[in-house]
Each structure stands twice: as C-alpha cells, then as structure tokens.
Amino acid sequence: VSGTATGTDSWSAAGISLSEGNNVITLTAKDAAGNSSTDVVTVTYTIADTTSPVVTITSPTSGTSYGVETSSLNISGTASDTEGVTGVTWSTSRGGTGTATGTSNWTAAGITLGEGDNLITITARDEAGNASTDTLTITYTKPDTTAPVVTITSPTSGTTYGTQSDTLNLSGTSSDDTGTSSVTWSSSRGVSGTATGTDSWSAAG
C-alpha cells in the first residue's frame, strides 16, 4: 500500500493499513528538482486478544450441583485459551478464596464449606486479562451421628415383666433430632416384627 501525506514541511499520513507482524513504513520527501530522501519506521502490529479462556469443572461432578456430608472438598477441572491460561482461582459464597494448582489441568484442594448451599466459582484468566468462570453449587449436610431414643412404656417401663399370656402387646415412644424412620422388635426366641408408628409406637401380638 502507498499514498500521499497531507502537508509538506509538516506532514501527516493517516489511516495506513497494517498487517499482523512487522510493517516497514517508508516516508519519501521530494523537492521541485526531483531530489528525494527517505525515513523508515518498522511498526509491529499485534492483534489484541479479546477471547476469554474456557474453564470447566469436571470433579466431583460435571453437573451444576452436588451434595456432600464433609466440611471440605477438592474440586478439579480443565482450562484452555488460544494464548495460554495464566492462572485459575476459586471463591465461595461463604467468603473463601484461593488459587488452584495448575492451569490446563487444575485442582482446588481443601475448600471449606458451610452447612447448606455453597456456590463455588472457578475463574480462569489469560495473559491479556480476559477471564471466564464456571460454577458449582455444593450442598453440605452434616452427617447424622446421633441415635434415636426409644422407650418401652407399656405394659411396664421397667426392665422385667411377668405374664401368663403367650402373646404380648408393647407400646412406647421414640424421638430423634431428624425424625425416627422406623421401630422394629425382636425376641430371644427368634421372632421379630415392625411396630406400628414411630414417635408413638405399638407392637401387638
């Protein structure tokens, strides 16, 4: 490409098209007698990187939600970019932050969880500062390690009872922080069954 500058003693050349890489620009000045001289400048044109990286959570799931009964979690995944990923970071809706280990294949270890929902955001950045994110909602449920309390109240609340009948009806109560799911009974003579009810239960016959 070529063109004529505007002006002579003070001149300007506007809108010179550049191609990616080195562009040698030669300026030539001529006088009325045809004498000429030149000056040269090399302009290096680098196309701006406006493409964000692609980041993906692959473990413990590639889905959008996951449930656990542990208070900390490891998350891992992949990230890619045409110019290379410079870093991967993580943050949680509970205020935690950190830097993952690795870039193309990354791991965020020991993320602390609060009871209930925890939104985990993974962010990948490239050299130009472009960023993209992937998110995962982790629901942390504290494990139930407390056994229910079960009590026989009838025909006695004691530990022994005598009867002349060959069948017996028992009843009582049961309680638990998260609810009793069932009450069963068994005897040393090899019979067993399921009581009716939970909080208030009865085992007949």
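Data block above holds the structure.
Residues numbered from 1 in each chain as written. Predicted model: local features only at pLDDT ≥ 70, side-chain atom pairs only at ≥ 80, totals over all residues. Heavy atoms only, no water.

### Remarks on the nonpolar core
Counting residues in each nonpolar core, the largest one holds 20 residues, and the members touching the most others are I75, V88, W106, L113 and I122. If you list the elements that add at least two residues to this core, you get β3 (54–59), β5 (72–80), β6 (85–92), β8 (105–112), β9 (116–126) and β10 (131–140). Among all residues touching W106, those that are not within four sequence positions of it are V55, T56, I57, I75, S76, G77, T78, A79, V88, A100, T101 and I122. (Core = buried A, V, L, I, M, F, W, Y, C linked by side-chain atoms within 4.5 Å. Buried < 20%, exposed > 50% of the residue type's maximum accessible area, 1.4 Å probe, protein only. Helix = DSSP H or I, 4+ residues; strand = E, 2+ residues; numbered from the N terminus. Contact = heavy atoms within 4.5 Å.)

### Some points on the sheet that holds strand β4 (residues 65–68)
Here we have five strands laid out as an open sheet, ordered β4-β10-β9-β6-β7, and mixed in their pairing. Unpaired on one side and paired on the other, β4 and β7 (97–99) mark the two borders of the sheet. Direction aside, neighbouring strands of the sheet carry axes that sit 25 degrees apart on average. Where β9 lies against β10, ten bridges are found, and the strand directions are antiparallel. Each residue of the ladder has a partner; that of I120, found in β10, is L136. (Pairing = 2+ DSSP bridges. Axes fitted to C-alpha atoms, helices over the stretch in contact; angles between N-to-C directions.)

### Some thoughts on the sheet that holds β3
Picture the strands of a sheet paired through backbone hydrogen bonds; they go either parallel or antiparallel. What the three strands build is an open sheet, ordered β3-β5-β8; its pairing is antiparallel. Two strands lie at the open edges of the sheet, namely β3 and β8, each paired on one side alone. Each strand of the sheet is rotated relative to its neighbour by a mean of 30 degrees, with strand direction disregarded. Bridge count between β5 and β8: six bridges; the pairing is antiparallel. Within the sheet, the bridge partner assigned to I75 lies in β8 and is A108.

### As for the side chain of N23
Along the chain, the position of N23 falls in strand β1 (residues 21–30). Residue classification places N23 among the buried positions, given a relative accessible area of 11%. Reaching out from N23, the side chain makes a polar contact with the backbone oxygen of G21 at a distance of 3.0 Å. Filtering out sequence-adjacent residues up to four positions away, N23 remains in contact with L18, V41, T42, V43 and Y45. (Polar contact = N/O pair within 3.5 Å; in protein donor to acceptor, adjacent residues only side chain to side chain.)

### Brief notes about the side chain of D176
Relative to the elements of secondary structure, D176 occurs in the loop between β12 (170–175) and β13 (184–186). One buried charged residue, D176, forms no salt bridge at all, with the nearest opposite charge on K142 at 15 Å. Of note is the side chain of D176, whose polar atom sits 2.9 Å from the side chain of T178. Not counting the four nearest positions on each side in its chain, D176 is found in contact with D144, T146, A147 and P148. (Lys, Arg positive; Asp, Glu negative; His and termini not counted. Salt bridge = Lys/Arg side-chain N within 4 Å of Asp/Glu carboxyl O.)

### As for unusual backbone geometry
Between S59 and P60 the backbone carries a cis peptide bond, its omega angle lying at 15 degrees. Structurally, P60 is set in the loop between β3 and β4. Note the cis peptide between S154 and P155, where omega equals 15 degrees.

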